[in-house]
Amino acid sequence: MAPRLEPSLSFPATPSKRRLNADEFDIWFLEFSNTYNLNLRRAPLDLSPQKKRALPYYSELVYYELLKVQYFKGNHTVIHDLFDQGAKEVHSKWVKKPRAEHGVAPFPAHLPRATSEPERRQLLELLRAVLDDMNSTSVPSCSPSVIAPIAHGVYDEATSPTRSRRSKRYSDEWRVSPTRKRTRSVPSEIDTECDPDDERPPSVLSVIDRGRVHTASPVPSDPRLSRSKPIYGLTSSANVSKSTFASQVFSERDEHEPPPASQETQTTVIASSAGSMKLPILQAQRAVGSDSGSFAPSSSTERALQISFGEFEQLQQNVRTLLKDDQPTNSFFNSSSEPDSTRPNTPSLPPPSLPPVSPPPASLPRHSPASIPVIEQPSNTPSRMPHRASQNFEQRLHDVWPHLPSHYDRAPFVVRWEILRVALHCGVAMDDLRLEYDPSLTDQKTLWARLQALPAFRGKSFPERSRPDAWTAALNDKFVTKDQVVVLTAFLTANTSKNGPAFFLKLSPLKLDLPHRLSRRFGSDRFLELVIPSMGSQDVRNLGETAVESIQKWLVKDCHVLLGRVWTSFFVKPSLPKKINNENTLGPQSKTIYQERVYMFAEDGNEFHRLGTGEHWSPKGEPVGMHTKMGRENLLNWLLQVPNNQEQSVLKLFSRIALGLSRTRPTVVVQPEQIRHRQVDILSPTGKVMNDGIARMSHGLARAIRDVMGLQDIPAGFQGRFGSAKGFWIRDTTDTSDDIWIETFPSQRKWKCDYIEEDHRTFEVRSESRELKSANLNLQLLPILEDRAINADLMKAQVGMFMRDSLKRDLDAQKAAMQDPVQFRLWVHENSPSSRRADRIKHGQVPFTAGLPSSREDIMQFLMESGFDPTRLKFLRDIAWKLRMEKCKELQERLNVRVGRSTYAYMVVDFLGILEEDEIHLGFSSKFTDEQSGFFETFLHGMDVLVARTPAHYPSDIQRVKAVFKPELGSLKDVIIFPSKGNIPLADKLSGGDYDGDIAWVCWEPTIVNNFRNADVPAVPDLFQQGVLRKENASYNNLVGTKDITSEFLARAFTFNMQQNLLGMCTNYKEKFCYARNSVRDDSAILLSTLISHLVDRAKQGIVFTDQDWAQLRKSLSRIDPPEPRYKKETWSGKGEPTHIIDYVKFSVGKPTVEAELRAFDQALSQAEQFDKHLIRFYQHFEKLQRPFAERKEAERKGITKKPTWETVLEELRKDIDAVAQEWPTLRGEWDAKITNMYDKWQEISPTNKVNSKTIRSLLQEDQVNAGLSSWDLLKASFCFKMYYNKYPAFVWYVMGRQLAYLKALYMSHEAGGSPVLMIPGMYAGLRPDNKYARALAAINDGYSVLDDEAIDEERATSLSDDEN
């Protein structure tokens, strides 16, 4: 850590005998410059004097030389103290007052740092005066009379003695012109932490203001926003605080707009003595990227100032001692507090809405970032100064956010995002980004090529690219495609070092996803999803004891400056855990990091402008570069309509924000008169809500939604969001009109919503009911099935049989399909995940990464459709093998036993009331088929079925009920309808479910159902009465009167929601506990199940359950924690045969079956090889154009260097291919990024410039090059395959698979007597195999005849009738 600038405690000091060196001076020089934002530089060492004079900052290089001379004289401490005292005097004229009290000089909260170019010039003039006086006076004899002109000489040109002396000392060449403008093309180094040649880490002060946030919006079409002009001027005044400046940070003002009223932040100029100085006219520049903007104070400045201010008193005293001045110095510590009789009274403004960049004390109100106040510390308020360790950690938190150089301010947001993303991935310092922006960088390939050419990026591995469709969408005005939005995601990883930022930032590639309501209303580019480690994770704990509290405060109460925007946090929820594999084989192989997802909103920024008069929210549909400023409190008020919902608890109201962040498809806007708000739910005789979370909609509305979504049929219902309502809506079976209407029930409405705005009246679809298919039996259901079995051994054997049959059937089907490419293509289609179709719909084509499709299923299909045989090509065979291995491994770990006569379906309720208490209705939209059992039906009737919902814990969480078919409900297909009769909803019996989108497992397999008996719903213990659980019940009303109610609301909610959630830990313990006791129904098991059911709703209900509570409960249940179940291990470790149902299924059935079948599978495909003769024929054609090998050798022996054209081309191509291929084994990191980088380098290989032949240029026909199918591309691929098909097969296929597939299709089509068929990407994405064609072809290959099984049409029916007659 570089030393901080601290004054000596006494003067004069005894000179040190230690020899000083230039490196130490450089560190001191940079610290001194950065402390005051002087932006001083030293000349590059490798420049000639002529080139140095050409530097735009040449005139300022004199300071480096003069300070260096004084440093080696030992005067640097004196210079620092003199300059600091004078800087405070100058700075006292800049101090801003949040409320502009009349005539009151505010207590300073800043270090004397320049925050604009005029202020920097004033400090440079002061430094010149100090250096001049050091050269002409004896420092120990300095008196107060000497310091006054030093401090004020910059204002009093006529009387300053130092000014006249300076004119004789320096030539014009070295004069620092106060009006000189810095060249735009030279990046400002105000952000520079230290000299590029200095590797020592910077101090806190050297990095306190590296960010820039400018003042204007770069919109050329609006002259008001593109014109540079002074806003205010200062005039001289004696002993008054009269002239004011409105802060321009994050603000924009119309040129005709009057100055702000008194509650705006003011800059007050205080005269030291009557008539002692002239005031210069300071101008606030409005131009984007101007120097004044680059010095705008950021949250980092404010925070660092508070950190440094604790040492200010000692520094003041030290300077007084230095100057031998026993009288109070004329500084802002004792400035005049006389009232300003000239200031007119101004009415008070309403409280500003936006949060400050630096959070105020709890006793002060928040101020708008448009004014960025300097917080005044009231005399009666305890000091907020944290301890030194805490200060350092707060600074480390601030340093998390890097800042791009100012010359990128005019670049589109997506370009800034990508530049910063690549720089962070490559570990390149922001100051090394010497790439000037120009419009060509909006092309992603051009941008990457320009970055890769920079010296700082050479030899570095680049990250995964943003997908082209996401990049294109981000460049348009709305950050959207037709039905998707661009999503911004970033990750924070804890820094294990005690130095540097507390977290490392990583930006993710741009991706497309469905929008949420807030992004549709305010623009998706204003929302950033930040994934951070959980506060309970070891990485966060390693940051220190107080780290959690500091991080939570930093997240909620600080504003975060990133990419020229001010972001604030407004929601947090758990994110998916991340697994990190350890390459050290001696240590743990992986660890799981639990994470939180923080949602941030861009309140302000460079391109933002003010809200119009009377407006509360930003207008809808704003372009990316023309947003309106708006605080997060307005964002939440728009969504939750907080003034109407203050009676709700803080935590429950906070949880409702999630509805505005649900990614959904907007469909139909319903008019206010078409909404039917029901006042009461359907209640049972005991008062239970029987329709919790479900309502109806008209047939006409369902049809309209179907049309918007492009569905083939009208579903039975939709899971969705509608205003403040969430849940499931089914079609009203009694509605036969075309009317549009929708109803909501109290159990659906989560807050009071007025449904005025269209976005609150848009029906948002999360999912819809779909065609049902056979399902797996979840692992959690097995212990309950065994417990409730009439014959437990029979139940265990039956489940094991399903496991064995399922494995054998799947493996046999894959082996058979791989013998025929057409059959295998059909198998791939039938065994692909549903997300495969979703990805195609999202991208409008089959997504590719480098040379092959992104998914393995698509890779297999792509290669087979090009003519490759999975039994002959080892690359294709290996993909199929790995896919099967992973599925078998997943089956062994999760034990999801497939049961043919079972399915998963949405649970809905019978609004007609025709089902009895123990009845259900289930119909299918198409014939449900289970070939193993021979079940082919369209509905269930007259049979018992089991229904359950996962996770299941109580023995009663599986219920045996009767399936009946009711014609009145027949139109509702692919949903399971539960009765509305009875005292307790059937859904509630299934793990406390409801009807807002819960899915039930339904099983009608007789061997399982007939061996099952119901359990009564157990009497559950009251854990609140027992003191195991507690509730946080504070309502929003309790916060009314708080100065910053939104920050307090979010702080409480974040603190609670970021506490460790023990749900997973308790669930795992309960699994081990019940396994050890082999019981799911004793009192302890019921208690644990009750605990888990409460913790599921912990965040919403405000349930408090700590580590201490959990430890105490475990101690009461058992003296020692139970061991891990044996089925968690890879091999059976128990005595004898397994008896527990899960142990039996895994070790007695699953593992032996998988191992045997995989051995047979491997043997059947052992003939595959890497080589394919068709793929080298293209290269062989060009190889024949070379001279024979013997002739080439003879020419080489004779020293003949001239070679034929093609010989030179192929030799150079071999070298280029070798250079790229040799990088393959050395690359590390993410797979997509690795192959994308290789693909880019592969594409850069072009014909050598050693030959100049039209024949060579003809290989690069433009249209073919753009498609990647030019003759040159095919030659590269064919030649590379010949060279590396065996050594680096993955490199060959993943980088040039598209070209190899094209070559294969050419030769296979020729052999089949036809031509290859080309398709455009959109048509190819919708291509699916023909089941009947594949099966008919298989029958023909097996020697069977195939009958015409076409449906009988009208013409054929007539002919058949005629034949019969």
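Definitions and limits used
Residues numbered from 1 in each chain as written. Predicted model: local features only at pLDDT ≥ 70, side-chain atom pairs only at ≥ 80, totals over all residues. Heavy atoms only, no water. Helix = DSSP H or I, 4+ residues; strand = E, 2+ residues; numbered from the N terminus. Buried < 20%, exposed > 50% of the residue type's maximum accessible area, 1.4 Å probe, protein only. Contact = heavy atoms within 4.5 Å. Areas by Shrake-Rupley, 256 points an atom, 1.4 Å probe, with all protein chains shown as cover. Expected span 1.5 Å × (residues − 1). Phe/Tyr/Trp six-rings, centres within 6.5 Å; stacked < 30°, edge-to-face > 60°. Lys NZ or Arg CZ within 6 Å of the ring centre and 35° of its normal. Axes fitted to C-alpha atoms, helices over the stretch in contact; angles between N-to-C directions. Parallel < 35°, antiparallel > 145°, perpendicular 65-115°, else oblique. Left-handed = near helix turned anticlockwise from the far one by under 90°. Core = buried A, V, L, I, M, F, W, Y, C linked by side-chain atoms within 4.5 Å. Salt bridge = Lys/Arg side-chain N within 4 Å of Asp/Glu carboxyl O. Pairing = 2+ DSSP bridges. Nonpolar A, V, L, I, M, F, W, Y, C, P; charged D, E, K, R; others polar. Patch = residues over 30% accessible without salt bridge, like charges linked within 9 Å, V, L, I, M, F, W, Y side chains within 5 Å. Polar contact = N/O pair within 3.5 Å; in protein donor to acceptor, adjacent residues only side chain to side chain. pLDDT = per-residue confidence, 0-100.

Topic: the overall build of the chain
Looking only at helices and strands, the chain has 47 helices and 29 strands in total. Expressed as a percentage of its 1365 residues, the buried residues of the chain come to 54%. Considering only contacts in the chain between residues 6 or more positions apart, those separated by 24 or more positions represent 77%. On the chain, roughly 61500 Å² of surface is accessible, and the fraction owed to carbon and sulfur atoms is 50%.

Observations regarding helix H1 (residues 22–35)
In this model, H1 (14 residues) spans 20 Å end to end at C-alpha, consistent with the 20 Å of a helix rising 1.5 Å per residue. The buried fraction of H1 is high, at 11 of 14 residues. Trailing H1 by a residue or two, Asn-37 shows a phi angle of about 60°, which is positive.

A look at the packing of aromatic side chains
In total, this model carries 60 aromatic pairs according to the counting rule given. Ring geometry for Tyr-1069 and Trp-1110: centres 5.1 Å apart, planes at 85°, overall edge-to-face. Linking Tyr-1069 in helix H32 (residues 1063–1077) with Trp-1110 in helix H35 (residues 1107–1117), this pair joins segments that are 41 residues apart in sequence. Neither Tyr-1069 nor Trp-1110 differs from the other in exposure class; each is buried. Sitting over the face of the ring of Trp-741, Arg-676 holds its NZ or CZ atom 4.0 Å from the ring centroid. Taking the ring centre of Trp-1242 as reference, the NZ or CZ of Lys-1276 above it sits at 4.8 Å.

Considering the packing of helix H27 (residues 856–865) against helix H28 (residues 874–894)
Contact geometry for H27 and H28: axes closest at 10 Å, N-to-C directions at 150°. Here H27 is positioned roughly antiparallel relative to H28, judged by the angle of their axes. Once H27 is placed against H28, the crossing between them reads as left-handed. When H27 is examined against H28, the residues Arg-856, Glu-857, Ile-859, Met-860, Leu-863 and Met-864 are found in contact with a partner set consisting of Phe-875, Leu-876, Ile-879, Ala-880, Lys-882, Leu-883 and Glu-886.

As for the nonpolar core
The biggest cluster of nonpolar side chains holds 150 residues, and the ones touching the most others in it are Phe-457, Leu-530, Ile-551, Phe-570, Ile-976 and Phe-978. Sequence-distant contacts of Ile-551, defined by excluding residues within four places in its chain, comprise Phe-393, Leu-397, Phe-503, Met-535, Val-540 and Leu-543. Leu-876, Leu-1210, Ala-1277 and Met-1296 belong to the second-largest nonpolar core, a separate cluster that totals 66 residues.

Some remarks on H27
Within H27, 8 of the 10 residues are buried, which leaves the element mostly enclosed by the surrounding structure. Restricting attention to buried positions, one finds in H27 the residues Glu-857, Asp-858, Ile-859, Met-860, Gln-861, Phe-862, Leu-863 and Met-864. One or two residues past the end of H27 sits Gly-867, with phi positive at roughly 110°.

Observations regarding the pattern of salt bridges
Under the definition given, this model contains 50 salt bridges. In this structure, Glu-60 engages Arg-121 in a salt bridge whose closest nitrogen and oxygen atoms are separated by 3.1 Å. Within this pair, whereas Glu-60 is found in the loop between helix H2 (49–53) and helix H3 (62–72), its partner Arg-121 is found in helix H5 (residues 117–136), the two being separated by 61 residues in sequence. Under the relative-accessibility criterion, Arg-121 is labelled buried at 8%.

Some details on the pairing of strand E4 (residues 503–507)
Along E4, the buried face is formed by Phe-503, Leu-505 and Leu-507; none of Phe-504 and Lys-506, which line the opposite face, is buried. Pairing between strand E3 (residues 485–494) and E4: 5 bridges, direction antiparallel. Across the sheet, residue Ala-494 finds its bridge partner in E4, namely Phe-503.

A short note on the packing of helix H25 (residues 821–830) against helix H46 (residues 1331–1341)
When two helices pack together, you describe them by how their axes are tilted relative to each other and by the distance separating the axes. It is the contact of H25 with H46, at a shortest axis distance of 9 Å, that shows an interaxial angle of 140°. For the pair H25 and H46, the sense of crossing is left-handed. On the side of H25, the interface is formed by Val-822, Gln-823, Leu-826 and Glu-830, while H46 contributes Asn-1331, Tyr-1333, Ala-1334, Arg-1335, Leu-1337 and Ala-1338. Here the residues of the contact of H25 with H46 sort into 6 nonpolar, 2 polar and 2 charged.

Brief notes about a nonpolar patch on the surface
Taken together, Val-1317, Met-1319, Ile-1320, Met-1323 and Leu-1327 make up a surface patch of nonpolar side chains, about 510 Å² in accessible area. The topology assignment puts Ile-1320 in the loop between helix H44 (1289–1311) and helix H45 (1321–1325). For Ile-1320, a relative accessible area of 56% translates into the label exposed.

Describing the environment of Arg-766
Examined against the element boundaries, Arg-766 turns out to sit in strand E16 (residues 762–768). We classify Arg-766 as partly exposed; its relative accessible area is 42%. Each C-alpha atom of the pair Arg-766 and Ser-662 lies 7.9 Å from the other, and the pair is 104 residues apart in sequence. Not counting residues up to four positions away in its chain, the partners in contact with Arg-766 are Ser-662, Arg-663, Thr-664, Gln-719, Gly-720 and Arg-721.

Some thoughts on the environment of Pro-468
Among the secondary structure elements, Pro-468 is positioned in helix H15 (residues 468–475). Accessibility expressed as a relative area gives 57% for Pro-468, which makes it exposed.

Side note on the pairing of strand E27 (residues 999–1003)
Two faces belong to every sheet, and in a regular strand the side chains alternate between them. Most of E27 is tucked away: 4 of the 5 residues are buried. Pairing geometry for strand E24 (residues 943–948) and E27, over 3 bridges, is antiparallel. Paired with Ala-948 across the bridge in E27 is Trp-1001.

Details of unusual backbone geometry
Look at the link from Thr-950 to Pro-951: it is a cis peptide, with omega at 0°. Here Pro-951 shows up in the loop between E24 and strand E25 (958–963). Here Ala-850, not a glycine, exhibits a phi torsion of approximately 60°, which is positive. With respect to the secondary-structure elements, Ala-850 resides in the loop between strand E18 (848–849) and strand E19 (852–853).

Considerations on the environment of Lys-1203
On the secondary structure map, Lys-1203 appears in the loop between helix H38 (1189–1197) and helix H39 (1205–1221). Residues within four places of Lys-1203 in sequence aside, it is in contact with Arg-1187, Thr-1208 and Glu-1211. A polar atom in the side chain of Lys-1203 sits 2.7 Å from the side chain of Glu-1211.

Section: the confidence of the model for the chain
The share of residues in the chain with pLDDT of 70 or more is 75%, and the mean pLDDT across the chain is 77. Note on residues 138–390: pLDDT under 50 across the span, and 564 contacts to partners over four residues away in sequence or across chains. A low-confidence stretch, residues 1348–1354 stays under pLDDT 50, and its non-local contacts, those more than four residues away or across chains, total 6 contacts.

A word on the side chain of Asp-399
Within the secondary structure layout, Asp-399 lies in the loop between helix H12 (388–398) and helix H13 (413–426). In terms of polar contacts, Asp-399 uses its side chain to reach the side chain of Gln-395, at 2.9 Å.

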